[in-house]
Amino acid sequence: MEKVAQRCIVCEQEQNDGIAICEQFICQRCEQEMVNTDVQDEKYPFFIHQMRRIWLRKDA
């Protein structure tokens, strides 16, 4: 069964592999990067901002 490309809520790229949270897609690359990012990393606030979009879309 072929996977359908979906737009990642973090990087906004079309990807085939990833996870869905509240019907929002996160590609495998972004998922791995988020899991391995330390809270002191300068990219951490970006990930928090992008993840908040899941809840905003869910409530819309």
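A few points on the structure. Source: prediction; values computed, not measured. (Residues numbered from 1 in each chain as written. Predicted model: local features only at pLDDT ≥ 70, side-chain atom pairs only at ≥ 80, totals over all residues. Heavy atoms only, no water.)

Moving on, we get to the overall build of the chain. A tally of helices and strands in the chain yields two helices and four strands. Principal-axis analysis of the C-alpha atoms places the extent of the chain at approximately 40 × 25 × 15 Å. Looking at the 60 residues of the chain, the share that counts as buried comes to 23%. Considering only intrachain contacts with a sequence separation of at least 6, the fraction spanning at least 24 residues in the chain is 29%. Looking at the chain as shown, the accessible area adds up to about 4800 Å², and 48% of this sits on carbon and sulfur atoms. Seen as two clouds, the 8 positive and the 11 negative side-chain charges of the chain have centres 4 Å apart. (Helix = DSSP H or I, 4+ residues; strand = E, 2+ residues; numbered from the N terminus. Buried < 20%, exposed > 50% of the residue type's maximum accessible area, 1.4 Å probe, protein only. Contact = heavy atoms within 4.5 Å. Areas by Shrake-Rupley, 256 points an atom, 1.4 Å probe, with all protein chains shown as cover. Lys, Arg positive; Asp, Glu negative; His and termini not counted. Charge placed at Lys NZ, Arg CZ, Asp CG, Glu CD.)

One pass over the full model with this rule turns up zero disulfides. For Cys 8, which is in no disulfide, the shortest distance to another cysteine sulfur is to Cys 11 and amounts to 3.8 Å. Cys 22 takes part in no disulfide bond, and the closest cysteine sulfur, belonging to Cys 8, lies 15 Å away. When its relative accessible area of 32% is taken as the criterion, Cys 22 is described as partly exposed. (Disulfide = S-S within 2.5 Å.)

Another aspect to go through is unusual backbone geometry. A positive phi is found at Cys 22, a non-glycine position, where the angle reads about 50 degrees. Mapped onto the secondary structure, Cys 22 falls in the loop between β3 (18–21) and β4 (24–27). Residues other than glycine seldom take positive phi values, yet Glu 23 does so here, at roughly 65 degrees. Residue classification places Glu 23 among the exposed positions, given a relative accessible area of 79%.

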